[in-house]
Amino acid sequence: MKFEDFKTRNQFSRDEISAFATGRLLDDAPAGLPELPSALLIAFHEVTSIRWDAVSGTGRIEAVRHNELDDWFYPCHFNGDPVMPGCWGVDAAWQCLRFFAAWRGLIGCARTLGMENVSFFGQIRPYDKKITYIVDIVSQETSDGETLLTGKATISVDGTPVYTIGSVSIATAFWIDDAAAKPSAAPPADDAPIRKLTYDEFSAKTKFSHAEIIAIAQGTLIDAPGLEIGLLPSSLMLEVGAIDRITFDEATGEGRISATRDNGPLEWFYPMTPGHKPTVLSIDALWQLMGLFLTWRQNLGTGRALGFERVEVFGEILPEDRDIRYEITIVRYSRAPNGDAFVRADAKVHAGGRLILACANLNVGCHKNIRYSGYPLPSDMALGGKLKMRSEAGS
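None of these values were measured; they are calculated from a predicted model.

Trainee: Talk me through the packing of aromatic side chains; I want residue IDs and the actual numbers.
Mentor: For the structure on display, the rule yields 25 aromatic pairs. Summarising the aromatic geometry, the rings of phenylalanine 6 and phenylalanine 99 are spaced 5.7 Å apart at their centres and angled 80° between planes, so their arrangement reads as edge-to-face. Placement of phenylalanine 6 in helix 1 (residues 3-6) and of phenylalanine 99 in helix 3 (residues 86-104) is noted, with a sequence separation of 93 residues between them. Each of the two residues, phenylalanine 6 as well as phenylalanine 99, counts as buried. Centroid distance phenylalanine 248 to phenylalanine 293: 5.8 Å. Interplanar angle 65°. Geometry classified as edge-to-face.

Trainee: Before we move on, could you go through the nonpolar core and cite the residues and values that matter?
Mentor: With 115 residues, the main nonpolar core has Phe6, Phe44, Trp88, Phe99, Phe202, Ile243 and Phe293 as its most contacted residues. With 13 residues, helix 3 is the largest single contributor of residues to this core. Non-local contacts of phenylalanine 6, meaning those with residues more than four positions away in its chain, are made with Met1, Phe12, Phe20, Leu25, Leu26, Phe99, Ala102 and Trp103.

Trainee: Can you lay out the sheet that holds strand 9 (residues 302-313) for me, pointing to particular residues and giving the numbers?
Mentor: If you walk across this open sheet you meet the 12 strands as 1-2-4-5-6-3-9-12-11-10-8-7, and the pairing is antiparallel. In this open sheet, the two edge strands, each paired with only one partner strand, are strand 1 (46-53) and strand 7 (242-249). Geometrically, the sheet is characterised by an average inter-axis angle of 20° between neighbouring strands, direction not taken into account. Of the strands in this sheet, strand 1, strand 2 (58-66), strand 3 (111-120), strand 4 (130-143), strand 5 (146-157), strand 6 (160-171) and strand 9 are in contact with helix 3, which crosses strand 6 at around 50°.

Trainee: Describe helix 2 (residues 14-21), naming the residues involved and giving the relevant values.
Mentor: Those residues of helix 2 not exposed but buried are Glu16, Ile17, Ala19, Phe20 and Ala21. Backbone geometry just downstream of helix 2 places glycine 23 in the positive-phi region, at approximately 75°.

Conventions adopted
- Residues numbered from 1 in each chain as written.
- Predicted model: local features only at pLDDT ≥ 70, side-chain atom pairs only at ≥ 80, totals over all residues.
- Heavy atoms only, no water.
- Phe/Tyr/Trp six-rings, centres within 6.5 Å; stacked < 30°, edge-to-face > 60°.
- Helix = DSSP H or I, 4+ residues; strand = E, 2+ residues; numbered from the N terminus.
- Buried < 20%, exposed > 50% of the residue type's maximum accessible area, 1.4 Å probe, protein only.
- Core = buried A, V, L, I, M, F, W, Y, C linked by side-chain atoms within 4.5 Å.
- Contact = heavy atoms within 4.5 Å.
- Pairing = 2+ DSSP bridges.
- Axes fitted to C-alpha atoms, helices over the stretch in contact; angles between N-to-C directions.

What follows is the structure in structure tokens.
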């Protein structure tokens, strides 16, 4: 397909999206045209509508993902409670904007810049069928040679809205970090053998080794039979390497988490992206750490990301970066009368001493009786949309 023909189309099939993601759709793609990730990381399978109104300077892109029972992320997010990671809904909005920018011929407009007012009020499960992403383009601005594309998004599953995004933007350049604070050096790795811990022993610890993090993800570190202990993702979706410090002050209601993750050119995602780590994986790492905080505070149940107020992106994590650091400040922690718990935090992510992103008011909740533990057997819990309780579903 010629680029000029590409720009006149108003929908794209599954084969065409796959070809675009792998660089095979356009015979004469201009240098610097925004790209999509490929293989496991492609967020949508087809574009059902794409349009632009030059008079109002607004547009819309509607894209669809056909959900599959055996999609790669379900077995590892989470072990014993499969749910589509909320971060992929976030990334889908950015990917929709990139495809829209390519369709508009906005050369170089592919930098993940930021997002605001993200709310999760539902979930996507293995037996759901159709995920729809709608991004309304509210502005396209150009100044001093730089372009900024901004939209707002809604994500639905089988007709039920589950996420909303108040503002999502990409640009030809990142935000500038005028006062980057260098994170402290990571302490030496703790390679000591691990053992099973009682819940009280787990909650008394102030740091966790990489081996202990893996054991938490597999549900083998905490010896608490019969209790619904919070989980971490496993395998490809586990973004936490080790926790250097986790603290909480009962008097102030505030806490801190400092954590690390190794990085290198052989990471699973680099062959599928244009030379950088997907930004959403760093956001998911922060949600994972906050979920672990709720478990560490002895809140029984299952963690769910609830959204965030704002994310600003200052750069990308590259294959040559060797370490990633997460610094989280807990600003609010509460427990409801029904036992549900909630945590709110601000956070920063560094790689190679560079500030990568800053998040304000990240939110995570912990809820009882919401796990779908029968995967892959079908049940009411195997369907997403509104959050279901096992007592209501009868399974």
